[in-house]
Amino acid sequence: MKVSIKKLMMKKERDPSSVEHSHEQAGGPDHISGQAPFAPRRAFLGKALLGFAGLALPVPALPASKRGKGDAGTPGWESLQPKEASYWDRTDRFEEKLDALQSAWDRKDYRLASAISNSLRISGIQAQSDHAGVSAPDSASTDFSEVSALPEPLRKWAKGWKYFKVISLEQVSKPKRTISPEAELLGYPVNNIPDPQFRSHEPVELSLAFKSAQVRSPSREIRLAKLEGGRLAETPSQVYDEVRRGDSWHCKLAFLAESNGAVKNVYLVFFGNPDAELPAYVSDLETEGDGYALDIQNDFFRIKLSRQTGQIESIFFKRERGLELYSGGYGHGEPPGLDWSHDYISQGYFQKLRTTLWDECPDYEIIRGPVCTIVRRWGFPYSPIHPVFSPSRINMYVEYRFYSGVPYFIKSSKFTALKELVVDNLRDDEWVFTGQAFTNKLWVSKDGKVNLGEPDAKSKNNLWGTGFYHDDNMDSIIGLFLDHRAEGLDSINHSGQPVLVNKWHGQLWSRAVLGQNTTVPAGSTLYQKNAYLVIPFTESNGPAIVEDVREELINPLRIKAGKLPVLTKNETVSGALARAGEAGDSIIPKESLWKALEMAKDGQFLSGTPVSGLLSVVELGFVYDLAVDGGTVTVIFAMPHRGRPRAEYFESGSSSHVSYKGSLNVPQALLTVPGVKKVVFQQTWYPVWTSNLITDEGRKKLQLPAI
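Every value quoted in this text rests on a predicted model; they were computed, and no experiment measured them. (Residues numbered from 1 in each chain as written. Predicted model: local features only at pLDDT ≥ 70, side-chain atom pairs only at ≥ 80, totals over all residues. Heavy atoms only, no water.)

### Topic: the overall build of the chain
Test applied: A helix here means a DSSP run of H or I that spans at least four residues, while a strand means a run of E at least two residues long, and both kinds are numbered starting from the N terminus. Note on contacts: a residue pair is in contact if any heavy atoms of the two residues lie within 4.5 Å. With residues, only the protein chains shown are counted as cover, and all accessible areas are computed by Shrake-Rupley using a 1.4 Å probe.
In terms of regular secondary structure, the chain is built from 12 helices and 33 strands. Considering only intrachain contacts with a sequence separation of at least 6, the fraction spanning at least 24 residues in the chain is 72%. Carbon and sulfur atoms make up 52% of the accessible area of the chain, which amounts to about 30,900 Å² in all.

### Section: unusual backbone geometry
Between H386 and the following residue, P387, the backbone shows a cis peptide bond with an omega angle of 10°. Secondary-structure assignment places P387 in the loop between β18 (372–379) and β19 (394–403). Of note, the amide linkage connecting Y686 to P687 takes the cis form, showing an omega dihedral of -5°. By the element assignment, P687 lies in the loop between β33 (678–684) and α12 (696–702).

### Side note on the nonpolar core
In plain terms, the rule: The definition of a nonpolar core used throughout is a set of buried Ala, Val, Leu, Ile, Met, Phe, Trp, Tyr and Cys residues joined through side-chain atoms within 4.5 Å. Note on exposure labels: buried denotes an accessible area under 20% of the residue type's maximum, exposed denotes more than 50%, and partly exposed covers the range between, all computed with a 1.4 Å probe on protein chains only.
Counting residues in hydrophobic clusters, the biggest one holds 76 residues, and the most contacted among them are I312, I315, F402, V617, F637 and V666. Ranked by the residues each element gives to this core, the list is headed by strand β32 (residues 632–638), at 5 residues.

### Things to note about helix α8 (residues 542–554)
Counted only if it meets this: Expected span of a helix: the number of residues minus one, times 1.5 Å.
Look at α8: 18 Å from first C-alpha to last across 13 residues, which is about the 18 Å you get at 1.5 Å a residue. Burial within α8 is extensive, with 12 of its 13 residues counted as buried. Of all the positions in α8, only G542, P543, A544, I545, V546, E547, D548, V549, R550, E551, E552 and L553 are classed as buried. Looking at the buried side of α8, the elements it contacts are β4 (201–211), β20 (408–417), β22 (440–444), β23 (450–452), β25 (476–487) and β29 (525–533).

### Structural notes on the pattern of salt bridges
In plain terms, the rule: What counts as a salt bridge is simple: a side-chain nitrogen of Lys or Arg found within 4 Å of a carboxyl oxygen of Asp or Glu.
Per the counting criterion, the structure on display carries 36 salt bridges. The partner of R216 in a salt bridge is E591, and the shortest N-O contact between them spans 3.0 Å. A residue pair is termed long-range when its members are at least 10 positions apart, and R216 in the loop between β4 and α7 (218–221) and E591 in helix α9 (residues 590–596) qualify at 375 residues. When its relative accessible area of 43% is taken as the criterion, E591 is described as partly exposed. Across the pair E399 and R401 runs a salt bridge whose closest N-O atoms are separated by 2.6 Å. Each member of the pair, E399 as well as R401, carries the same accessibility label: buried. Each of E205, D241, K252, E365, R376, E399 and R401 takes part in one network of salt bridges that share partners.

### Examining the packing of aromatic side chains
Quick reminder of the rule: Stacked, tilted and edge-to-face pairs are distinguished by plane angle, under 30 degrees for stacked and over 60 for edge-to-face with tilted covering the rest, among Phe, Tyr and Trp rings (Trp via its six-membered ring) whose centres lie within 6.5 Å.
Summed over the entire model, instances satisfying the criterion amount to 30 aromatic pairs. Ring geometry for Y163 and F271: centres 5.4 Å apart, planes at 25°, overall stacked. Pair noted here: Y163 is in strand β3 (residues 163–170) and F271 is in strand β9 (residues 265–271), with a separation of 108 residues, a long-range link. Of the two residues, Y163 and F271, both sit in the buried class. Look at F255 and Y267: their rings are 5.0 Å apart centre to centre, the planes differ by 50°, and that puts the pair in the tilted class. With F255 in strand β8 (residues 248–258) and Y267 in strand β9, the pair connects residues that are 12 residues apart, well separated along the chain. For F255, a relative accessible area of 0% corresponds to the buried category.

Laid out in structure tokens, this is it:
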């Protein structure tokens, strides 16, 4: 099944059918249903909890003689309330919360201490959103040209967009070897089978910066096109990690590039089109589920993540007989999984602290789209009798990346010691497979060569890949260790030899990085990056395929902010970058729709703002997309956090409260625009809303600090 990015954006918490509104229904809004929505406990503990949450400090009650009558809308009410003149009057600083936490702890008010701890954590989430550093971009905000400078055929092709950047990709890995195709290698039921080496595409991630005056929404406006032979062809891409810093937008752009030897590939990144809509790319990458409880598949495999921890629980091979790898049994009391790593044994072999013992992910972020799905999780591993022992000594950050169109996925991790400690073992990679799915084992030496059979004695602690394969059906799973290093530690082990028969587990490999009685200094850090390859493997062709994939991953395409090659005015192009309504040709002007939505306010700022009344859904960044099809306008709408899941509040909720001061709901506002006959309202949780999406005017009204 193929899915598009718009379908991913339109995931809803309520009835899956879209709600439509027309002029006939616009006489007056209905009240919000009293029925509680289904919302899994702590369904999104990552950036979805963004908001201005702080300590609930008591406000002294006013004397009855000075108390206003009625609610917030009663004349005189505002003047009698304590004045909050700035952002820091409306929330509390990290240092204040820390002092309050210490005070509660000293008084042994542990429930209050727990509440304050959570508020501190939320402060950290908000600070991450607004103030965390960004990596140096591959193309700075000053690196751009105007579309008007392109030859006329290309300029017409890119009509609707005002600016572009030039990016060049250069091959730096060794040229691919020519391998004779074997019929048995083509065992995947895909429409567009890759070449026999399974290397048709290479994932690329660009880090880009744009002037905020030139782009309103990177996810809506950015398009990527490959320039080849003087012609442009759009390349499916995915924008994520959007943040505002000063007067610039920063984001990542992922896409799949063809890896074709030493040829330099040139791409143009187009931006600056307020009429652009969210792109609708077809992809084999499908992600189902919510939070980190996900099922992820592409043309090669289907992977299930643990509903409890987010670790990889099973892998289904989408070829021929459909092998499913899993780990059965009862583990150590926790749900079993394939990826059973990220743990350490405390000094004296007292206990093993594991991420697999998490009752739920302490913190996480999820990125979903047509090119990649990224699952980021982090926290301290748990004790077998958590919370009796809850040491905050080694923070473990683990990230999975799943891509469209390639037969592998990536795991990266970073373990950081907060204080000096002694461990008797630490593992960063262990995979356990129940049963006897494979007949042979292989390993990769430091020079990248694939070796069949048992590692020799000299290599057992210097492995750079490991795995299994089956003689007859060619099923295989191979771990390629692309990066494994430490800072602040004298040495680490590079073990992980494959074991075909294990008394307790079946088949496995396990990498013990640190041995018995190892001192881990405060501030030391352990890094890893592994690729897990799932291909049909034969002893004749398999090693060369694996070696080539490893070479490609270790030496990815080199990214440079390039220069536009010399083009003639006689270039011939076909088609256009813009879809209907994106090149200033919408039958209902997009700008008039955005302007109308300024009438849809968030009445939960009860008395308005000191600057200019209530904030609109546009200023708050709740509207992700507006699409026009004839007289129908489709709105994709986000809510700020999971504690406020009912977007119906803005769709058809009550606007009779005096604090609304004439506000309309979203469909009512759009139906005031000439030509709009019907409004389709769709709620999404992806990408998660953050305060970066608040407009400059919205930040001014809220008096938020600079970002």
